[in-house]
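# Structure assessment
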Amino acid sequence: DTGVSQDPRHKITKRGQNVTFRCDPISEHNRLYWYRQTLGQGPEFLTYFQNEAQLEKSRLLSDRFSAERPKGSFSTLEIQRTEQGDSAMYLCASSLGSLGGPGTEAFFGQGTRLTVV
Amino acid sequence: AQSVSQHNHHVILSEAASLELGCNYSYGGTVNLFWYVQYPGQHLQLLLKYFSGDPLVKGIKGFEAEFIKSKFSFNLRKPSVQWSDTAEYFCAVTPNTGGFKTIFGAGTRLFVKA
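Residues numbered from 1 in each chain as written. Chains lettered and ligands numbered in written order. Predicted model: local features only at pLDDT ≥ 70, side-chain atom pairs only at ≥ 80, totals over all residues. Heavy atoms only, no water.

Right, let's talk about the overall build of chain B for a bit. Summing up its helical and strand segments, chain B has 0 helices and 12 strands in all. Moving toward the C terminus, one meets the helices and strands of chain B in the order β-β-β-β-β-β-β-β-β-β-β-β. The globule rule puts the C-alpha radius of gyration for 114 residues at 13 Å, and the 14 Å found for chain B is close to it. With the C-alpha coordinates of chain B rotated into their principal frame, the extents come out at 45 × 25 × 20 Å. Here chain B holds 114 residues, and 48% of them are scored as buried. For chain B, the proportion of contacts with a sequence separation of at least 24, taken over those separated by at least 6, is 54%. In the form shown here, chain B has an accessible surface area of approximately 5,400 Å², with 54% of it arising from carbon and sulfur atoms. Separation of charge centres in chain B, based on 10 positive and 7 negative side chains, amounts to 5 Å. (Helix = DSSP H or I, 4+ residues; strand = E, 2+ residues; numbered from the N terminus. Rg over C-alpha atoms; globule rule 2.2 N^0.38 Å. Buried < 20%, exposed > 50% of the residue type's maximum accessible area, 1.4 Å probe, protein only. Contact = heavy atoms within 4.5 Å. Areas by Shrake-Rupley, 256 points an atom, 1.4 Å probe, with all protein chains shown as cover. Lys, Arg positive; Asp, Glu negative; His and termini not counted. Charge placed at Lys NZ, Arg CZ, Asp CG, Glu CD.)

Printed below as a string of structure tokens:
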């Protein structure tokens, strides 16, 4: 499968625990995005990478959230000290684009559904 | 702040009925526009996109959308829906001035009765 792949698909964790999600983008895509989606809402932008550089972070991304893309390929999103309000679907997407350019459309993964109990 | 507004949260249609889903955005500059679809249990998929040129764009499965710049709108249409079109539809906008993030509307859930 050459699409965007996310792991795990589902995660249930206790409040206060740390969780880490992984995203493998389409191999030739240099842009990678993380979004969060809650019930009844569209995806909300969290952060964006151009290759390995994290170029933009949303105000939604508190200091408990950190994302990395160490070699410009896969990315991880870590949430520390999870709270019930973190329960959501976390979506990863990738696209092609030069720095500062508009880029192609984003291709989305299946998402990781996080439930904090 | 940039935003995308979808007019209807839920739409119920019978098969063969015509569909129009409204989308308006707030951004004064040049934009790229998208409609994504999410079928039950599946990931978001691109339905169609507008970058430039003919403001009437055709997508997959008989869908089309018209960009009206003066109205900041990008409405989605299909002349005759099928039961298999039951899904959630998201309008999305990316500012075309070095902005990176795509902003999504809240989505419209379409249910097509067989």
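Moving on, we come to the interface of chain A and chain B. Quite often, the size of an interface is put as the accessible area lost when its parts meet. The interface of chain A with chain B comprises 22 residues on the first partner and 20 residues on the second. Between chain A and chain B, roughly 1,800 Å² of surface is buried when both sides are summed, and carbon and sulfur atoms account for 56% of that area. For A:Glu105, the salt bridge is made with B:Lys49, and the minimal N-O distance between the two is 2.9 Å. The interface formed by chain A and chain B contains 4 residue pairs in polar contact (both at pLDDT 80 or more). Among the elements of the structure, strand E4 (31-37), strand E5 (44-50) and strand E6 (53-57) of chain A are those that each provide at least two residues to the side of chain A that touches chain B. No other element matches E4(A), which puts 4 residues into the side of chain A that touches chain B. Looking at the side of chain A that touches chain B, its residues break down into 10 nonpolar, 9 polar and 3 charged. (Buried area = accessible area lost by both parts, 1.4 Å probe. Salt bridge = Lys/Arg side-chain N within 4 Å of Asp/Glu carboxyl O. Polar contact = N/O pair within 3.5 Å; in protein donor to acceptor, adjacent residues only side chain to side chain. Nonpolar A, V, L, I, M, F, W, Y, C, P; charged D, E, K, R; others polar.)

A few words on the side chain of B:Thr102. With respect to the element layout, B:Thr102 can be found in the loop between strand E10 (87-95) and strand E11 (103-104). A distance of 2.7 Å separates polar atoms of two side chains, one belonging to B:Thr102 and the other to B:Thr94. Dropping the residues within four chain positions of it, B:Thr102 is found in contact with A:Tyr35, B:Ala92, B:Val93 and B:Thr94.

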